[in-house]
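Take a look at the letters that make up each chain.
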Amino acid sequence: MSSKDKRRHVRTAFACRIKIAHDSIGELLVKTRDISDGGVFVVLEPEHIPPVGTHLQGQVQGLMEDAPVLMMEVVRVEPAGVGLRFVQNE
């Protein structure tokens, strides 16, 4: 692993729909770009991108009838969207 690459989990290209929700952006249905054991990258319009550190809820849509709602934290912001880290329930 290079010193620039801080990822602990291998990313896999994966496109699905995910519903994300936060008071600042409301509820949005967005697409994923990739996923790993530690998180997911979602594609967002620039006006919907929350700042790093924001916690939001996410739920995969269309793959299973009652997918769990997960807590996620914005850990990376790019022009195309955000990297979200899965947050363990505490």
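Use the structure listed above.
Residues numbered from 1 in each chain as written. Predicted model: local features only at pLDDT ≥ 70, side-chain atom pairs only at ≥ 80, totals over all residues. Heavy atoms only, no water.

Trainee: Quick question: what am I supposed to make of the nonpolar core here?
Mentor: Where a protein is soluble and globular, its nonpolar side chains tend to be buried together. Of all hydrophobic cores here, the largest spans 13 residues; its most connected members are Ile20, Val30, Val42, Leu44, Met72 and Leu84. Listing elements by their share of this core, those giving two or more residues are strand S2 (17-22), strand S3 (26-35), strand S4 (39-43), strand S6 (70-78) and strand S7 (81-86). (Core = buried A, V, L, I, M, F, W, Y, C linked by side-chain atoms within 4.5 Å. Buried < 20%, exposed > 50% of the residue type's maximum accessible area, 1.4 Å probe, protein only. Helix = DSSP H or I, 4+ residues; strand = E, 2+ residues; numbered from the N terminus.)

Trainee: I'm lost on the side chain of aspartate 34 in this one. Help?
Mentor: Its location among the elements puts aspartate 34 in strand S3. Setting aside anything within four residues of it in sequence, one finds aspartate 34 in contact with Arg11, Thr12, Ala13, Phe14, Val40 and Phe41. (Contact = heavy atoms within 4.5 Å.)

Trainee: What's the story with the pattern of salt bridges in this structure? I'm lost.
Mentor: Think of it this way: side chains of opposite charge can pair up when their charged atoms draw near. Taken as a whole and assessed by the stated rule, the structure comprises five salt bridges. Notably, a salt bridge pairs glutamate 73 with arginine 85, separated by 2.4 Å at the nearest N-O pair. Of this pair, glutamate 73 sits in strand S6 while arginine 85 sits in strand S7, and the two are 12 residues apart along the sequence. Judged by relative accessible area, glutamate 73 falls into the buried class, the value being 16%. For arginine 85, a relative accessible area of 35% gives the class partly exposed. Glutamate 78 is the partner of arginine 76 in a salt bridge, and the nearest nitrogen-oxygen pair spans 3.0 Å. Taking the relative accessible area as the measure of exposure, arginine 76 reaches 24% and is therefore partly exposed. Assessed through its relative accessible area of 24%, glutamate 78 is described here as partly exposed. Overlapping salt bridges bring together Arg11, Arg33, Asp34, Arg76 and Glu78 as one network. (Salt bridge = Lys/Arg side-chain N within 4 Å of Asp/Glu carboxyl O.)

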